[in-house]
Structures are given as structure tokens and as C-alpha cells.
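# Architecture at a glance
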Amino acid sequence: STQSTWGALAVGDGANDVSMIQAAKVGIGIMGVEGSQAELASDFAIPQFKHLVRLVAVHGRFCLVRNTALIQFSFYKNTVLAFVLVYFTFFNGFSGQTLFDSWVMTFYNILFTALPPLIMGIFEKDLNDKIIEDHPELYPPLKKGQYLSNISITGWLMAAIYHSLFVYFMISATFPQDDISSDGKTSDLWTQGSVVMTALITVVLAKCSLFTKHWTYIQALGMLLSYFVYYLFILVYSGLPSVFGSTNYYYVSYILFSDVKYFAWIVLCMLGVLVPDLSLVVLMREFKPSTRDLLQSYNLKNRVMAIQ
């Protein structure tokens, strides 16, 4: 392990195995008649040696799937927001002026997009436990970077760049600067920023929905709750005449909600982002499916037949 890039897993059941267990990247102690020293010094403890297969093949796989999903999606959602701000600097004279209200941008990571990756990091799984145990050929692709590699990271980066480009320039190119609402007010920077932020959050949550492989009521509730919290926040925030002396966002959301163009922008952004992403997924599964993809399809067909 120290002489190469490979990690070592050590398994022991007695006191004489403690040093080996502690020196390995992952140490597993087996509960046995030789005392509890091995299990106390280990990262994981199992009752019998036969449980090692499930620990590595099933729980190890799920751990990898969840960690990589959490890391890469968090990277994606922050990159999308950052690139939109970069594009805006070319239109504000590099003055440092931001497109979004500071409070809305602050809660982007804290409230509006926090739950989906967190839930994904806890409950995500790509295949059924039984399928994983019955198909050992699923294990080698994990070592080759099936879920975390330079290619997968580049894919998320390219997706973030495309999504941010589409959302920002589609809205900016069609946003009427002299649009007059029913009360005589014209569109301003915060109005445009609110539209872009809503579109970004919609796209990010939609991308998370497309990326999720294992749906439960908790995932669905997390998605809906994130969207609900965002709209609740901007409604309450827009209703406050002043927040620490700032009146920038006052009544902005109410003006937008009364305009059908606002909802048209959101739908167009979601379609413009999801259709290419979904098409790519379908093409990859159709013409270059992995063993995992084939088993996912097989499992889905069995579940449908069982329901029928």
C-alpha cells in the first residue's frame, strides 16, 4: 500500500492482527473467540468472515456511489452559479456589481439547494442489493473510475458551463429592459437577477432529479421542500419594505409573478437544459450500455412485470 497507489484492506480476528488492521487503509475486525482487540482497532466489525462480501460489494459500493454523487453534484451546482456571475462581469464593466440580491445568493447553498445532495449522499444507490451480490462483474468497473474519474468530473464541468450559458444568455437576450408593469414600474437589475436565480434553482433541482437513480418519498419530499422554501423566502423577502436599510428587492417577486413571461422563461430554461441531458443519457444507454445499465434495465423490467 505504501509503495503503490493501491489501497490495502486488512482482515483479522485476534490481537496479533491489530497492527496489520491499523496499518491498512481499511481495517476489518471479525468478532470471534480470540477477544475483541481486532474489532476495537478496526474501522468495521463483522460477525463472520462470510459477511465480508456484503460489506465490500454492497455497502462499499453504496458508499462510493453516495460520496461521489454528493461531491460531484455540489461541485456542479456551485460552478453553475459562479459561471453566471462571471458572464455578468462582461456586462457590468467589471465593476464588481452582482446580478443577484446578496440575501438570495447567500441562501442559495444554505437553504435552496442544500437538501437534494444531502439526501442523495445518504440514500442513493444504483442497483438492488441482491443484484450486486449475484453479479461480481460489477465490482471491477468501480476501480476504473466508473463513478469518479477525470472523465466524470469533466462531464459535470461541461454540463455546468452549458447550463449556465443557456440560462444566462437565453434570459438576458430576451429580457425587455423597458418592460413596464401594471403599476408603471420598469424592469431593473434585481428583476432580471430574480428570474435568472429562479431558473438556476429550477435547473439544478431538475438535474438532481435526472441524476438520482434510487427514488424514495424522502428524495421527492426533499426536492419539493427545496423549491417550496425558495418561493416562500422570495415572497416574504419581497414583502419587506426594508431589510437592514436595503430596499432593492421590495415587491420584485410580486411583479414577476403577475407576468406570464416569468413562467415561460423558467419552462424554456428547464427544457433547454434537460432535453440535451436526457437525450445523452438515452443514447449512452442505447448504444454503449455498461453492465450496470443493463442490470438496471433488467431489474426495471422485472419490477414492471411483477406489478402487472
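Residues numbered from 1 in each chain as written. Predicted model: local features only at pLDDT ≥ 70, side-chain atom pairs only at ≥ 80, totals over all residues. Heavy atoms only, no water.

## Quick look at the overall build of the chain
What the chain contains, in helices and strands, is 13 helices and three strands. The C-alpha radius of gyration of the chain comes to 25 Å, more than 25% above the 19 Å expected for a compact globule of 308 residues. When its C-alpha atoms are laid out on the principal axes, the chain stretches across 80 × 50 × 40 Å. Just so you have it, the chain exposes about 17100 Å², and 67% of that area is on carbon and sulfur atoms. Taking the average location of the 19 positive side-chain charges in the chain and that of its 20 negative ones, the two points are 6 Å from each other. (Helix = DSSP H or I, 4+ residues; strand = E, 2+ residues; numbered from the N terminus. Rg over C-alpha atoms; globule rule 2.2 N^0.38 Å. Areas by Shrake-Rupley, 256 points an atom, 1.4 Å probe, with all protein chains shown as cover. Lys, Arg positive; Asp, Glu negative; His and termini not counted. Charge placed at Lys NZ, Arg CZ, Asp CG, Glu CD.)

## A closer look at the sheet that holds strand 1 (residues 9-12)
The three strands lie next to each other as 1-2-3, forming an open sheet whose pairing is parallel. At either end of the open sheet lies a strand with only one pairing partner, and these are strand 1 and strand 3 (44-46). With strand direction ignored, the average angle separating the axes of adjacent strands in the sheet is 20°. Helix 3 (residues 52-89) contacts strand 1, strand 2 (26-30) and strand 3 of the sheet and is inclined by roughly 135° relative to strand 3. (Pairing = 2+ DSSP bridges. Axes fitted to C-alpha atoms, helices over the stretch in contact; angles between N-to-C directions. Contact = heavy atoms within 4.5 Å.)

## Some details on unusual backbone geometry
The residue F94 is not glycine, and still its phi comes out positive at about 55°. Tracing the sequence through the fold places F94 in the loop between helix 3 and helix 4 (102-112). In this model, Y251 sits at a positive phi of 70°, which is unusual for a non-glycine residue. By the secondary structure assignment, Y251 is in the loop between helix 10 (217-238) and helix 11 (252-257).

## Let's talk about the packing of helix 3 against helix 5 (residues 115-123)
Remark: helix 3 packs on helix 5, axes separated minimally by 7 Å, with the N-to-C direction vectors making an angle of 165°. As far as their axial angle goes, helix 5 and helix 3 are roughly antiparallel. Seen from above, helix 3 lies across helix 5 with right-handed handedness. The segment helix 3 lies against helix 5, with R66, A69, L70, F73, S74 and K77 engaging P117, L118, M120, G121, I122 and F123. Class assignment for the residues of the contact of helix 3 with helix 5 results in eight nonpolar, two polar and two charged. (Parallel < 35°, antiparallel > 145°, perpendicular 65-115°, else oblique. Left-handed = near helix turned anticlockwise from the far one by under 90°. Nonpolar A, V, L, I, M, F, W, Y, C, P; charged D, E, K, R; others polar.)

## Description of the state of the cysteines
According to the stated counting rule, one finds zero disulfides in the structure shown. Here C269 stays unpaired: no disulfide links it, and the sulfur of C208, its closest cysteine neighbor, is 18 Å away. (Disulfide = S-S within 2.5 Å.)

## Some points on the environment of F123
By the element assignment, F123 lies in helix 5. Taking C-alpha positions, F123 is 23 Å from K144, a pair spaced 21 residues apart along the chain. Setting aside residues up to four positions removed in sequence, F123 forms contacts with R66, H214, I218 and Q219.

## Let's talk about the packing of aromatic side chains
Summed over the entire model, instances satisfying the criterion amount to 26 aromatic pairs. Ring geometry for F83 versus Y87: centroids 6.1 Å apart, planes at 35°, classification tilted. Here F83 and its partner Y87 are both found in helix 3, four residues apart, which amounts to about one turn of the helix. Here F83 falls in the partly exposed class, since its relative accessible area comes to 25%. Where F233 meets Y237, the ring centres are 5.5 Å apart and the plane angle is 40°; that geometry is what we call tilted. (Phe/Tyr/Trp six-rings, centres within 6.5 Å; stacked < 30°, edge-to-face > 60°. Buried < 20%, exposed > 50% of the residue type's maximum accessible area, 1.4 Å probe, protein only.)

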